[in-house]
Amino acid sequence: MRGSLIIVAFFIAGLLLARWGWIPSSLSEGDVSIWALYALMFLVGISIGSDTQALKAIRGQHWKILWVPVATWAGTLAGTALASLLLPSRNLADCLAVGSGFGYYSLSSIFITEYRGAELGTIALAANIIREIITLLGAPLLVCWFGKLAPICAGGATTMDTTLPVITRFSGKEFVVISIFHGFIVDFSVPFLVTFFCKL
């Protein structure tokens with residue numbers, strides 16, 4: 001949760017500094033966010049490629065492990081499609097783009113800001129941070145009500161890093177590999193799904 005709060009603090013600081021005119025015009029007028037996105041994608045690639053232990057553990061799992069990210073994609077996109085019916089000011093593609101961030105707030109909000117503007121990008125940031133916080137705080141209830149895979153699906157792309165400790169604690173150590181695999185696959189899908197829905 002500390003990481004989420006730090007991200008929100010930087011976001012708010014950026015808003016305030018830009019609002020008060022303390023940011024050089026070259027930063028606000030240029031393509032700084034797209035270059036930050038490229039750097040972020042590069043660092044994500046490094047972190048995934050260098051984690052050989054996680055990749056070895058995933059290879060030893062049964063093929064049924066593939067159904068966990070599929071359930072996350074299906075559940076999230078179905079939920080956001082239903083939410084779009086309650087939000088007349090937002091179309092289906094907007095809601096699906098926000099939902100397909102799967103908790104990866106830094107990456108998805110930058111993509112959505114680039115394609116659909118700062119307002120929807122801010123909504124994506126807030127929605128995906130809330131998803132992570134719900135997983136961090138609600139993991140024991142999710143396990144109790146819906147089973148041990150529930151916090152993994154709820155965590156989305158965060159299950160191989162920030163929400164992994166609570167998943168390990170409440171679902172059990174036997175779900176660590178599933179959680180890492182799920183996070184890896186869902187994480188990888190975020191840029192493709194977000195850009196796909198943003199272009200609709």
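The name an unreviewed UniProt entry gives the chain is Lysine exporter LysO family protein, with Candidatus Odoribacter faecigallinarum as the organism.

(A) Structural context of the overall build of the chain. A count of helices and strands for the chain gives 11 helices and 0 strands. Along the chain direction, N to C, the helices and strands of the chain fall in the order α-α-α-α-α-α-α-α-α-α-α. Each of the 200 residues in the chain was classed as buried or not, and the buried ones make up 40%. For the chain, long-range pairs separated by at least 24 residues make up 72% of all intrachain contacts whose partners lie at least 6 apart in sequence. Surface accessibility of the chain: about 11,300 Å² in total, with carbon and sulfur atoms responsible for 72%.

(B) Highlighting the UniProt feature "transmembrane region" (unreviewed entry) in the chain. Listed under "transmembrane region" (unreviewed entry) in the UniProt record, and renumbered for this structure, are residues 34-53, 65-85, 91-112, 133-157 and 177-198. In this annotation, residues 65-85 is assigned 90% helix and 0% strand; the end-to-end C-alpha distance for the span is 32 Å. Secondary structure across residues 133-157 comprises 80% helix and 0% strand; the distance between its end C-alpha atoms is 13 Å.

(C) Quick look at the confidence of the model for the chain. Taken residue by residue, the chain gives an average pLDDT of 83. The fraction at 70 or more is 80%. Of all helices and strands in the chain, the one with the weakest mean pLDDT is helix H4 (residues 52-59) (61), whereas helix H6 (residues 92-99) scores best (96).

(D) Highlighting the pattern of salt bridges. Applying the stated rule across the entire model yields 3 salt bridges. A salt bridge links Asp94 to Arg90, with the nearest nitrogen and oxygen atoms 3.5 Å apart. For Asp94, a relative accessible area of 8% translates into the label buried. Where Arg90 meets Glu119, a salt bridge forms, and the shortest distance between an N and an O atom there is 2.9 Å. Note that Arg90 is positioned in the loop between helix H5 (67-86) and H6 and Glu119 in helix H8 (residues 118-146), a separation of 29 residues in sequence. For Glu119, a relative accessible area of 57% gives the class exposed. One salt-bridge network, in which partners are shared between bridges, spans Arg90, Asp94, Arg116 and Glu119.

(E) Fine view of the packing of H5 against H6. For the pair H5 and H6, interaxial distance at closest approach is 8 Å and the crossing angle is 140 degrees. Crossing angle aside, the handedness with which H5 passes H6 is right-handed. Only Leu92, Cys95, Leu96 and Gly99 of H6 make contact with H5, whose side of the interface consists of Thr76, Leu77, Thr80, Ala81 and Ser84. Among the residues forming the contact of H5 with H6, the class breakdown is 5 nonpolar, 4 polar and no charged.

(F) Expanded view of the nonpolar core. Counting 17 residues, the largest nonpolar core has Ile112, Ala157, Val190 and Val194 as its most contacted members. For this core, the secondary structure elements donating two or more residues are H6, helix H7 (105-116), H8 and helix H11 (176-198). Among the elements that take part in this core, H11 stands out by supplying 5 residues, more than any other. Listed in part, the 7 residues of the second largest apolar core include Ile65, Ile167, Phe175 and Ile178.

(G) Representation of H11 in the model. End to end, H11 covers 33 Å across 23 residues, agreeing with the expected 33 Å (1.5 Å per residue, within 8%). In H11, a bend of some 40 degrees at Val190 exceeds every other bend along the element, and Pro191, a proline, comes one to four places later.

Calculation rules
- Residues numbered from 1 in each chain as written.
- Predicted model: local features only at pLDDT ≥ 70, side-chain atom pairs only at ≥ 80, totals over all residues.
- Heavy atoms only, no water.
- Helix = DSSP H or I, 4+ residues; strand = E, 2+ residues; numbered from the N terminus.
- Buried < 20%, exposed > 50% of the residue type's maximum accessible area, 1.4 Å probe, protein only.
- Contact = heavy atoms within 4.5 Å.
- Areas by Shrake-Rupley, 256 points an atom, 1.4 Å probe, with all protein chains shown as cover.
- UniProt positions renumbered as here; feature names shortened; annotations may be inferred.
- pLDDT = per-residue confidence, 0-100.
- Salt bridge = Lys/Arg side-chain N within 4 Å of Asp/Glu carboxyl O.
- Axes fitted to C-alpha atoms, helices over the stretch in contact; angles between N-to-C directions.
- Left-handed = near helix turned anticlockwise from the far one by under 90°.
- Nonpolar A, V, L, I, M, F, W, Y, C, P; charged D, E, K, R; others polar.
- Core = buried A, V, L, I, M, F, W, Y, C linked by side-chain atoms within 4.5 Å.
- Expected span 1.5 Å × (residues − 1).
- Bend = angle between axes of the 7 residues up to and from the residue.

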